[in-house]
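# Coordinate inspection notes
Next come the chains, spelled out residue by residue.
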Amino acid sequence: HAKDSGRNSYCYFSQKMQDTALRKLHLKNQLSHAIENRQLNVVYQPIISIKDKRVNKFEALVRWNNQGEWVSPEEFIQIAEEFSLIKELGQLVLSQACLVLKQLKQQGFNDVVFNINRSVFEIPLNQSENKQWLNTIEHFGLQPSDICFELTESALAPDKRNNEILFNLLRESGCTIALDDFGTGYSSLAYVRRIPIDYIKIDRSFITDMSTNEDDNILVSTIIAMSKALGKKVVAEGVETKEQLDLLSALSCDYIQGYLFSKPLPAEQLANYLSQFNFDDY
Ligand code: C2E
Ligand code: MG
Ligand code: MG
Ligand code: MG
């Protein structure tokens, strides 16, 4: 009996694995096609400065509608990384975002910065790869300081390349760097110490329960205090309630991002959002 059920669960497991593999392969082909035809879209989520009571940054987030089905970035970014499509995907996002940012600046929103997510597999391996990014930024008449790159620390951990050198290369080019999803990786503190970052983004999972869970509250306070002591700016991700906003303001968190202010918006709505925004509405 034990053997039978063992064999059954083995079969079930293997069937599931096969389904997963097939879906992946299918998505990979579709994704490759979508990138080639520039069918990916980018939406932009406002990041609010508490001190200035205004919006001066947006995070660019890629979207893919695969023939009527929205595929989550969590799923397709991983596929893009695995099948070496990530650099092309990243270039597509960067150039779409640069075009939108240029247009905003032309409409008078001069000091807006765009945050662009970069997979660790997109970190330039040498000067010439780095140049390619900078060329895209310059091609649209923007400065490197108009762009902040968000790198996820969990993505960095397993990588054996010398992250420090790569980060320095990025940094020398004049772009700012944010450490994304802070607190969820393997060696957060080691990165803060070794890598030249400007911003720390506290992962949403710590923010969600900070008003009800004392441990999360302590962690968030401590991350903010540490970041400030090290001269870094702090962004809280996934802020959904007024209560969270008030707690974070009291802790002198620098920036807030989350559904409380806005979900990611299509490019056409940014100018309007910037003009209408009033911090005291919240
Ligand atoms: P991330 O960089 O940490 O982005 C924040 C995610 O949290 C986004 O999910 C955003 O829509 C979501 N979010 C923001 N505020 C709230 C909130 O108040 N509540 C909740 N529940 N969620 C909130 P999204 O767009 O699904 O992206 C997921 C992840 O995919 C991103 O996490 C990022 O790691 C990756 N990603 C997205 N776009 C790109 C890209 O262009 N390139 C790369 N390499 N990765 C990307
Ligand atoms: Mg991000
Ligand atoms: Mg994040
Ligand atoms: Mg994330």
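The structure under discussion appears in the preceding block.
This write-up is about the structure you can find in this document. (Residues numbered from 1 in each chain as written. Chains lettered and ligands numbered in written order. Predicted model: local features only at pLDDT ≥ 70, side-chain atom pairs only at ≥ 80, totals over all residues. Heavy atoms only, no water.)

Enumeration over the complete set of coordinates arrives at 10 aromatic pairs. Measuring from centroid to centroid gives 5.8 Å for Y273 and F277, while their planes differ by 40°, and the two rings are tilted. In this structure, Y273 and F277 share a single accessibility class: buried. Put simply, the rings of F261, Y273, F277, F279 and Y282 pair up and form one aromatic cluster. Between the NZ or CZ atom of R118 and the centre of the ring of W133, over which it lies, the distance is 3.9 Å. Positioned over the ring face of Y259 is K263, at 4.6 Å from the centre of the ring. (Phe/Tyr/Trp six-rings, centres within 6.5 Å; stacked < 30°, edge-to-face > 60°. Buried < 20%, exposed > 50% of the residue type's maximum accessible area, 1.4 Å probe, protein only. Lys NZ or Arg CZ within 6 Å of the ring centre and 35° of its normal.)

With that settled, the discussion passes to the coordination of the magnesium ion (ligand 3). Around the magnesium ion (ligand 3), the protein supplies D180 (OD), D181 (OD), E237 (OE) and E237 (OE) as donor atoms, at distances of 2.1 to 2.4 Å. Between the magnesium ion (ligand 3) and the magnesium ion (ligand 2), a separation of 4.0 Å is found, and both are coordinated by D180. Taken together, the residues span a long stretch of sequence, with D180 in strand β6 (residues 176–182) and E237 in the loop between β8 (233–236) and α10 (242–250) at a distance of 57 residues. Both residues of the pair, D180 and E237, count as buried. (Donors = N, O, S within 2.8 Å, 3.2 Å for Na, K, Ca; no water. Helix = DSSP H or I, 4+ residues; strand = E, 2+ residues; numbered from the N terminus.)

Quick look at the coordination of the magnesium ion (ligand 2) now. Donor atoms from the polypeptide that bind the magnesium ion (ligand 2) are E59 (OE), N117 (OD1), E150 (OE) and D180 (OD), placed at 2.0 to 2.2 Å. Donor residues for the magnesium ion (ligand 2), ordered by position in the chain, follow E-x57-N-x32-E-x29-D.

Okay, the site of ligand 1 next. By nearness alone, 24 residues border ligand 1, and R63, N117, D180, E240 and Y259 come closest of all. Note that a nitrogen atom of ligand 1 is positioned 2.5 Å from one of the side-chain N or O atoms of E240. Here ligand 1, which alone exposes 800 Å², has 86% of that area covered by the protein. Put simply, ligand 1 lies in the largest pocket. Mapped by element, the contributors of at least two residues to the shell around ligand 1 are β2 (54–66), α2 (73–82), β4 (113–118) and β6. Top element by residues in the shell around ligand 1 is β2. It accounts for four residues. Tallied by class, residues from the shell around ligand 1 come to eight nonpolar, five polar and 11 charged. (Near = heavy atom within 4 Å. Polar contact = N/O pair within 3.5 Å; in protein donor to acceptor, adjacent residues only side chain to side chain. Areas by Shrake-Rupley, 256 points an atom, 1.4 Å probe, with all protein chains shown as cover. 1 Å grid on protein atoms, 1.4 Å probe; cavity = no way out; pocket = protein on both sides within 12 Å on 5 of 7 lines; lining within 4 Å. Sits in = over half its atoms within 2 Å of the grid points. Nonpolar A, V, L, I, M, F, W, Y, C, P; charged D, E, K, R; others polar.)

Turning to the pattern of salt bridges, a few remarks are in order. Summed over all chains, the structure comprises 13 salt bridges. Close ionic contact of K105 with D146 constitutes a salt bridge, the shortest N to O distance being 3.2 Å. Placement of the pair is K105 in helix α3 (residues 86–106) and D146 in the loop between α4 (127–139) and β5 (147–152), with a sequence separation of 41 residues. Both residues of the pair, K105 and D146, belong to the buried class. Here E237 ties to K201 by a salt bridge, and the two come within 3.8 Å at their closest N and O atoms. Of this pair, E237 sits in the loop between β8 and α10 while K201 is found in strand β7 (residues 199–202), placing the two residues 36 residues apart along the sequence. Accessibility assignment for this pair places E237 and K201 in one class, buried. Through salt bridges with shared partners, a single network forms among E59, E150, K201 and E237. (Salt bridge = Lys/Arg side-chain N within 4 Å of Asp/Glu carboxyl O.)

So, about the layout of surface pockets. Considering only enclosed or pocket space, the largest pocket measures out at about 1,400 Å³ in volume. What lines the largest pocket is a set of 42 residues, among which L61, P73, E74, N117 and D181 lie closest to the centre. Put simply, the parts of the chain that give the lining of the largest pocket at least two residues each are β2, β3 (69–71), α2, α3, β4, α5 (153–156) and β6. In terms of residue class, the lining of the largest pocket is built from 17 nonpolar, 11 polar and 14 charged. Size it by volume and the second largest pocket reaches roughly 160 Å³. Contributing to the lining of the second largest pocket are S49, I50, K51, D52, K228, K233, S252, C253, D254 and Y255. (Points joined across faces, edges and corners; volume = space filled by probe spheres on them.)

With 16 residues, helix α9 (residues 214–229) ought to run about 22 Å at 1.5 Å a step, and its terminal C-alpha atoms sit 22 Å apart, in line with that. For α9, the full list of buried residues reads D216, V220, I223, I224 and S227. For α9, the buried positions fall inside an angular range of 95° around the axis, keeping them on one side. Exposed residues lying more than 90 degrees from the buried face of α9 are E214, D215 and A229. Looking at the buried side of α9, the elements it contacts are β6, β7, α8 (204–208), β8 and α10. N-capping of α9 is provided by N213, with a side-chain oxygen placed 2.8 Å from the backbone N of D215. (Expected span 1.5 Å × (residues − 1). Arc of directions from axis to C-beta. Contact = heavy atoms within 4.5 Å.)

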